[in-house]
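# Residue-level structure breakdown
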Amino acid sequence: QVQLVESGGGLVQTGDSLRLSCAASGRTFSNYYMGWFRQAPGKEREFVARITRGGNTIYSDSVKGRFTISRDNTGNTLQLQMNSLKPEDTAVYYCAAGSRTFVSGARTNDYDYWGQGTQVTVNS
């Protein structure tokens, strides 16, 4: 089992920045690829970013160039630096951990463990 706890969400204005964190405990953090997803009211959960065990990253087109995913395998934490925030970034943000092979990590089904989410609200 892996336990994931997100933090760092809040209410910000358009153009502001936020840094989300995800603290992992349980099994060896470095064995998992990690992802960030988000879910806005009335919408399906969508992919935001993924980082592999070795640090390779992919992003959704909607956040590419504005968000940065990173991980600290020593501290067992995952981060999401979000810059130039827009109202359409408003959502509950979830971190997730997965251990499967031959997957992109861009689908919810690629992950085995999820955090409880943290709310990000961007006012216009």
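Residues numbered from 1 in each chain as written. Predicted model: local features only at pLDDT ≥ 70, side-chain atom pairs only at ≥ 80, totals over all residues. Heavy atoms only, no water.

Take the side chain of Glu6 next. Mapped onto the fold, Glu6 is located in strand 1 (residues 2–7). At 3.0 Å, the side chain of Glu6 forms a polar contact with the backbone nitrogen of Gln116. Polar contacts involving the side chain of Glu6 include one to the main-chain amide nitrogen of Gly117, which spans 2.9 Å. (Helix = DSSP H or I, 4+ residues; strand = E, 2+ residues; numbered from the N terminus. Polar contact = N/O pair within 3.5 Å; in protein donor to acceptor, adjacent residues only side chain to side chain.)

Before going further, it helps to examine the sheet that holds strand 8 (residues 77–82). Across the sheet, four strands lie side by side as 1-3-8-7; this open sheet has antiparallel pairing. Taken across any chain shown, the strands that pair with only one partner, and hence form the sheet edges, are strand 1 and strand 7 (67–72). With direction set aside, neighbouring strand axes in the sheet form an average angle of 15 degrees. Relative to strand 8, strand 3 (residues 18–26) runs antiparallel, the two sharing six bridges. When the sheet's bridge partners are listed, Arg19 is paired in strand 8 with Gln81. (Pairing = 2+ DSSP bridges. Axes fitted to C-alpha atoms, helices over the stretch in contact; angles between N-to-C directions.)

Applying the stated rule across the entire model yields six aromatic pairs. When the ring of Tyr32 is compared with that of Tyr113, the centres are 6.1 Å apart and the planes differ by 80 degrees; the resulting orientation is edge-to-face. Of this pair, Tyr32 sits in the loop between strand 3 and strand 4 (33–39) while Tyr113 sits in strand 10 (residues 113–114), and the two are 81 residues apart along the sequence. Classification of Tyr32 as buried rests on a relative accessible area of 6%. Every member of this aromatic cluster is reached through a ring pair, and the members are Tyr33, Phe37, Phe47, Tyr111 and Trp114. The lysine or arginine in question, Arg45, covers the ring of Tyr94, its NZ or CZ lying 3.7 Å from the ring centre. Stacked on the ring of Trp114, the Lys or Arg Arg45 has its end atom at 4.9 Å from the ring centre. (Phe/Tyr/Trp six-rings, centres within 6.5 Å; stacked < 30°, edge-to-face > 60°. Buried < 20%, exposed > 50% of the residue type's maximum accessible area, 1.4 Å probe, protein only. Lys NZ or Arg CZ within 6 Å of the ring centre and 35° of its normal.)

This part takes up the state of the cysteines. Two cysteines joined by a covalent bond between their sulfur atoms form a disulfide. Considering all chains together, one arrives at one disulfide under this definition. At a sulfur-sulfur separation of 2.0 Å, the disulfide partner of Cys22 is Cys95. Disulfide Cys22 to Cys95: torsion about the S-S bond roughly 50 degrees, handedness right-handed. A residue pair is termed long-range when its members are at least 10 positions apart, and Cys22 in strand 3 and Cys95 in strand 9 (residues 91–98) qualify at 73 residues. Taking relative accessible area as the criterion, Cys22 reaches 1% and is therefore assigned buried. (Disulfide = S-S within 2.5 Å.)

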